[in-house]
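Residue-level structural notes
Each chain, letter by letter, is given below.
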Amino acid sequence: MKPVTQDTLANRGMTSEQFYQKILHAILEHRLAPGTQLVEERLVVLSGLSRTKIRPVLARLAHERLVELIPNRGAFIARPSVEEAREVFFTRNLIEPAIIRLLCDDAGGRDIRALKRHITKERKARRDGDRLAIIRLSGEFHVLLAELAGNAILVRMMRELTAQTCLVITLYDAANTPSCPDHHHADIIEAIEARDVKLATQRLTAHLRAVENTLRLEVDEEAAVDLTAIFA
Ligand SMILES: [Zn+2]
């Protein structure tokens, strides 16, 4: 039998980056619900990583506003408020038209093919009824647009915004329609391929509005009225 050395122990676990990706994927696939506690001892056991390796990953997720660190209580998957949910869509509406503009100017045949390959994956997930894959791929489509636009800062922002959108959808989805409608993405690609900035932008903003409209983001008016009555 091989002796257990420092090395073999390390091989049992994963790298910090793999650990980060695992949690991120779980959020993107709605497997980690908002408010879920990430208990450190369990993370140590499951990942094989030490606390000193796990903490910076949790700090990174907190920096991306995907995890909330509460002093003396621990780490929890973030629960964006209605206001934060609206801010996410507001910001996406500012950033994504710029991404579309970059792509209409510069996208080459290879970029269009990459986008179409992604659509094929989305269609397959829908055909297979693979709900988790549909949710994840819907978000990744928007990150892919940013990647192909070739601006690293936009990619980082879109990663964060799509993950936050996933949390928002988990919390506020009214109609149980967990992802981007099927044909919207294909229609956006078609307009990019035709280099029609106006049409591509229109389709994108209509798409974001459609996703936002499936959510119940109205402020609870009744609660506000009750408070007024109390202090009258
Ligand atoms: Zn979409």
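The protein is annotated in an unreviewed UniProt entry as GntR family transcriptional regulator from Allohahella marinimesophila.

A word on helix α5 (residues 82-106)
Taking 1.5 Å of rise per residue, 25 residues should cover 36 Å, and α5 covers 36 Å from first to last C-alpha, within 8% of that figure. Roughly 25 degrees is the biggest bend found in α5, and it falls at asparagine 93, with proline proline 97 one to four residues downstream. For α5, every residue scored as buried is listed here: Ala85, Val88, Phe89, Arg92, Ile95, Glu96, Pro97, Ile99, Ile100, Leu103 and Cys104. Considering only its buried residues, α5 is in contact with α7 (131-149), α8 (152-172), α9 (182-193) and α10 (197-213).

Side note on α9
For α9, the full list of buried residues reads His184, His185, Ile188, Ile189, Ala191 and Ile192. All buried residues of α9 project into a common sector of 165 degrees when viewed along the axis, lining one side. Looking at the buried side of α9, the elements it contacts are α5, α6 (109-128), α7 and α10. Of the residues one or two after α9, arginine 195 is the one with positive phi, at around 55 degrees.

Some points on the nonpolar core
Of all hydrophobic cores here, the largest spans 27 residues; its most connected members are Ile99, Ile100, Leu103, Leu145 and Ile192. When contributions to this core are tallied by element, the ones reaching two or more residues are α5, α6, α7, α8, α9 and α10. Ignoring sequence-local partners within four residues, the contact set of leucine 103 consists of Leu145, Leu148, Ala149, Ile192 and Arg195.

A closer look at the pattern of salt bridges
Side-chain pairs of opposite charge can arise where the charged atoms are in close proximity. Across all of its chains, the model carries 14 salt bridges by this definition. Glutamate 17 serves as the salt-bridge partner of arginine 60, at 3.0 Å between the closest nitrogen and oxygen. Here glutamate 17 lies in helix α2 (residues 16-28) and arginine 60 lies in helix α4 (residues 51-63), a separation of 43 residues in the sequence. For arginine 60, a relative accessible area of 35% corresponds to the partly exposed category. Here arginine 86 makes a salt bridge to glutamate 212, at a shortest N to O gap of 3.5 Å. Of the two residues, arginine 86 sits in helix α5 while glutamate 212 sits in helix α10, which places them 126 residues apart along the sequence. Classification of arginine 86 by relative accessible area gives partly exposed; the value is 40%. The buried category is assigned to glutamate 212, whose relative accessible area is 18%. A single network of salt bridges, built from pairs that share partners, joins Glu40, Glu41, Arg51 and Arg55.

Conventions adopted
- Residues numbered from 1 in each chain as written.
- Predicted model: local features only at pLDDT ≥ 70, side-chain atom pairs only at ≥ 80, totals over all residues.
- Heavy atoms only, no water.
- Helix = DSSP H or I, 4+ residues; strand = E, 2+ residues; numbered from the N terminus.
- Expected span 1.5 Å × (residues − 1).
- Bend = angle between axes of the 7 residues up to and from the residue.
- Buried < 20%, exposed > 50% of the residue type's maximum accessible area, 1.4 Å probe, protein only.
- Contact = heavy atoms within 4.5 Å.
- Arc of directions from axis to C-beta.
- Core = buried A, V, L, I, M, F, W, Y, C linked by side-chain atoms within 4.5 Å.
- Salt bridge = Lys/Arg side-chain N within 4 Å of Asp/Glu carboxyl O.

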